Every structure is written in structure tokens, then in C-alpha cells.
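# Geometric and topological summary
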Amino acid sequence: MFDELHEECGVFGCYHIPDAASMTYYGLHSLQHRGQEASGIAAEHDGEITVLKGRGLTVDVFRKPELASLEGVNAIGHVRYSTAGGAEAANIQPIVSHSSRLGDVAVAHNGQIVNEKELRRELEEKGAIFQGTSDSEVILHLIRMEEGTLEERVKKAAARLEGAFAVLVEGEGKLFAFRDTHGLRPLSTARFQDGWMVSSETCAFEVMGIYDSETVPAGGFCTFEDGILRRSSYREADAPRVCAMEYIYFARPDSVIEDVNVHKFRKETGRILATGDDVQADVVIGVPDSSLSAAIGYSEASGLPFETGLVKNRYVGRTFIQPTQEMRDRGVRMKLSPVKEAVEGKSVIMIDDSIVRGTTSRRIVRLLREAGAREIHVRIASPVLKLPCFYGVDISTKEELIGHRMTVEEIREYLEADSLRFMTPEQLRFAAGTAGLCTACFDGSYCTDLYSYSEVLSN
Ligand SMILES: O=P(O)(O)OC[C@H]1O[C@H](OP(=O)(O)OP(=O)(O)O)[C@H](O)[C@@H]1O
Ligand SMILES: NC(=O)CC[C@H](N)C(=O)O
Ligand code: SF4
Ligand SMILES: [Mg+2]
């Protein structure tokens, strides 16, 4: 069970770049918002892969001398929030295999393989011995079991996978990157000096001063070999379906996915929410950080002033020890505080990006009332979340979702808000412009066969 909505994973790779491990470290740091559970880097030098990984944030897992021990011009890295398989050490990525016959190979994966159980059974029958329980390990075993050159084996392995995946593979001095046929998870490449970088999000390139990048298309396959990048495909692309939650919540506003900037998308959702909203209000506030862009969009379209109504303590991380009951009773809130001057006596439009269990919105409505807000109108910059995700986001059962159990009016009552509105899936697709979206957790339109996971839906 999750407490709130959690990020998923991020992958970053360097090919033909001096001190690749250190550059990967900086890349992972920019992707930290996608996973705070564990972090790892695998660097290759003369065909040998050395991996360093551990639980926690990238800055806590790596120290300078350790990074220096990761030699080589190629490296891949991963920040993890587990979705399949537990948080145990064996599941931390990159996952590496050493073999005298096939050499060293490392894999880093963001997403979730929906036919994992079927593949695992088949691989075990053929003699594969798994180190852990993560779905990502299946990719490594498939590569080992296939025949041909490393590139051919990686391509054949990719073609066996169903679900959501942005994957990096390293071995034999080469790097491979591929993306699922719907493009559910983002992945981009960029030129850097004499080499290349690959990243889940383009924000990681920009911190390196790179502003030109290219999306790996759905079903696309990149081979970095002999100092060059060759683009091909391992399977025909399906209709593009980028995870809508990437735009709504996960990705950083400065990232661009499928040519659509995340901040721009969020502003558009705010604008759509404001259109036709006839509520009488004085100010618009957003829940920092992920809904600030939507709140700005709402403010611009409605002509109502945007205010800093809430301040976030950025140092409350996942490992933060929950306050004692006594502190809770005294009203100590560790994560968000209202700005009384901004909301007192006012009718407030409060924008958040999503409601999962309703905990956050309910808490904020109360905080704003205590701070003297006269009316609170909650506007959510996404549709009602009703169904689980099997593509790499930890919404695993529908019972966890307030939107599955209650009508919008019942949710409004639970939140103690004066009014509540969501977007429709159609409006969300409109906000995405040219990018095709997955909206399955809102409307059930899963774009792949769900294999054993379909049981979760029928229960
Ligand atoms: O309905 P709930 O179960 O409370 O979940 C919804 C909240 O979870 C996310 O925020 P979160 O606090 O996880 O992180 P953030 O600070 O990055 O927005 C999201 O932005 C919503 O605010
Ligand atoms: N959130 C993710 O993308 C996780 C990747 C993979 N399924 C894991 O659990 O390690
Ligand atoms: S089901 Fe929802 S969270 Fe999962 S990939 Fe689709 S849009 Fe994203
Ligand atoms: Mg939030």
C-alpha cells in the first residue's frame, strides 16, 4: 500500500564520454524526483562492468572516491521506486550479469513488464536462476538466452516484452537503448562532446548545458557502437500512448516529452479547468510543486490573481519519521504550511494535480480553513483516478483509490470543500496536443494485454 502517489524510476546513460560514471551521477541527480528508494551506476572498462548501488538518494549512495573507482567511457545508471518485486538489495538496478561465455552485461529499466510472470516461468524452465524478484531481471535473462550478436540478442529480448519500458543495456563496449511500442515511458538521446547521453527526461541534459535532444520513438532502438549512434526499431510501433501521469505529476516541468513541454501541458490543464468555471473567487493557489504550473494557467485564463497560498518544506523526504500523536494533535504539519496573508477572508481556488486517496487535498482544505479562507474550491488538473496502473506507477489496486469508491460529490464532502471539479480524459488528451496519451487509470483504456494482471481488474 502506498501513502501518496509515488514517482517511478529514472534511467541515464553515457556513451563514449570521459569519466562516464561521474556524468551519470549528475544525470541521476537531475532524475532524483523519479525515485528515491535506491540508486546505482554500472560503468564499463575494457569489457568489465563494475557496479555500485545502494538504498537511498544518489547523493547518499555515492562518494567521490567510489565514483572514481568506476572507470570507463560508458556507464548506465538508475534511480528506483519499486513497482514489481520488493525493495530488497537484489532488485536495485542496474542489474549486472557476468559470464565467461557472453561477457558482462548490465540493464537499467523504467516501467513494468506485464508478461513478466509468463517470461520468468519460461526462462526458469530453460535453466535461468534469478537473483531477485524484480520484473527488470527478466530482460537480462532474455538477453542471455537469445542467440546472435549482443545487438541481435538485445533486439530479440526487447521484442518479447509487453508493457511499459524504457531500457538501457551496456556490454562489449556498446550501449543500447529502447522504448516500448506505445512509448508509455519517456526516453531521449542527446549528443555530448564526442559521445551521447540517454535519459528518461530531458531536464537531465539541460543541467549539462545540452538543449538539443531527440526522442527515442515508440518501438525505437538505439545502438551506440564504434563511436556512432545507429537508430532502428525492434518491432513496429503501436499508437503512441505516453503515460498521462508523466505530464500531470511525475516529470519535471522543464522536461520535454514527445515535443510537449511538461510546464506548458500543465498550464494548459489549468486553462481548461478555468474555462467555463463560473465560481466566484478572489485568488488561485497551487499545491507546491507539481500543481503550480496548472495554477498559473488557471490564473491566466480566469484573470484571478495567482497567490503563494502554501509553502512546502522541501526537506521532508520519504524516510521522514512521522510526527508523534501529540505533535499531530498540536497541529504540527511538517510538509505544507498555509500563508495566512494570502488566503484570509478570501474565496480560494485551490489547484492540485491529482487525488489518489484524498489525504493531501483533505489536509490542505483544513489548513486553509484554519488560516481563515472563507471558501475553498478544489480544482484537480486531471480526471478522477479510478483504476490501477500496470505500467510502472504504484497504483496497484482500485480499492486504494478514493475515486473508485466515491462519486465526485462524496469526495467533495470528504474533503470538506465548497466545490470540487476534475477534468475529463478528453480534456486531458486535448491538453497534450500532438502527443498521444495513456489514460487507462482514468478510463480503463489499457493499451496492452494485461496477462496475469487482468485478475486485479476483475476482482
Ligand atoms: O490523494 P493523495 O493520496 O493524498 O495523493 C495525491 C497527492 O500526491 C501527490 O503529491 P505528493 O505529496 O506525493 O508529492 P508532491 O509534493 O511532489 O506533490 C500529488 O501531487 C497529490 O498532491
Ligand atoms: N518504477 C519503475 O519503473 C520500476 C522498474 C521496475 N519495475 C522495478 O520495480 O525495479
Ligand atoms: S495507467 Fe495511468 S499511471 Fe499507468 S501508464 Fe497509464 S496513464 Fe500512466
Ligand atoms: Mg502533491
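Since the structure is predicted, the reported quantities are computational estimates derived from the model, not experimental observations.

## Describing the sheet that holds strand S23 (residues 419–421)
Strand order in the open sheet formed by five strands is S18-S17-S21-S22-S23, and the pairing between neighbours is parallel. The sheet terminates laterally at strand S18 (306–307) and S23, the two strands that pair on one side only. Set on the sheet, helix H15 (residues 408–415) makes contact with strand S22 (375–380) and S23; between it and S23 the angle comes to about 130°.

## Some words on the UniProt feature "binding site: [4Fe-4S] cluster" (unreviewed entry) in the protein chain
UniProt records the feature "binding site: [4Fe-4S] cluster" (unreviewed entry) for Cys243, Cys389, Cys438 and Cys441 in the present numbering. Spanning 199 residues, the named residues nonetheless gather at one spot, since no C-alpha pair among them exceeds 10.3 Å. Residue class for Cys243 comes out buried when judged on its relative accessible area of 6%. Take Cys389: it is sitting in the loop between S22 and helix H14 (402–405).

## With respect to the UniProt feature "active site" (unreviewed entry) in the protein chain
Per the UniProt annotation, the sites labelled "active site" (unreviewed entry) are Cys9. Assignment of secondary structure puts Cys9 in the segment before strand S1 (10–15). Setting aside residues no more than four positions away along its own chain, Cys9 makes contact with Arg34, His78, Val79, Arg80, Tyr81, His109, Asn110 and Ser200.

## As for the pairing of strand S9 (residues 188–192)
Burial analysis of S9 places four of its five residues in the buried class, the great majority of the element. Alignment of S9 against strand S11 (residues 214–215), held across two bridges, turns out to be antiparallel. Across the sheet, residue Ser188 finds its bridge partner in S11, namely Thr215. When S9 meets strand S10 (residues 195–199), the two strands line up antiparallel, connected through five bridges. Residue Thr189 lies in a different strand from S10, and its bridge partner there is Val198.

## Observations concerning the nonpolar core
Ranked by internal contacts, the top residues of the largest apolar core, which has 52 residues, are Tyr247, Phe265, Tyr298 and Tyr391. Counting only elements with at least two residues in this core, the list comes to strand S14 (242–243), helix H8 (244–250), helix H9 (262–274), helix H10 (292–302), strand S21 (347–352), helix H16 (425–431), strand S24 (437–438) and helix H17 (440–443). Here this core takes six residues from H8, the largest share from any one element. Two domains each provide a minimum of three residues to this core, namely domain 1 (10–238) and domain 2 (264–313 + 326–458). The contact partners of Tyr247, leaving out residues within four places of it in the chain, are Val242, Ile257, Glu258, Val260, Val262, Phe265, Arg266, Ala435 and Leu437. Counting residues in hydrophobic clusters, the runner-up holds 26 residues, among them Leu336, Val348, Val365 and Ile402.

What counts, and at which threshold
- Residues numbered from 1 in each chain as written.
- Chains lettered and ligands numbered in written order.
- Predicted model: local features only at pLDDT ≥ 70, side-chain atom pairs only at ≥ 80, totals over all residues.
- Heavy atoms only, no water.
- Pairing = 2+ DSSP bridges.
- Helix = DSSP H or I, 4+ residues; strand = E, 2+ residues; numbered from the N terminus.
- Contact = heavy atoms within 4.5 Å.
- Axes fitted to C-alpha atoms, helices over the stretch in contact; angles between N-to-C directions.
- UniProt positions renumbered as here; feature names shortened; annotations may be inferred.
- Buried < 20%, exposed > 50% of the residue type's maximum accessible area, 1.4 Å probe, protein only.
- Core = buried A, V, L, I, M, F, W, Y, C linked by side-chain atoms within 4.5 Å.
- Domains from an automatic or database assignment.

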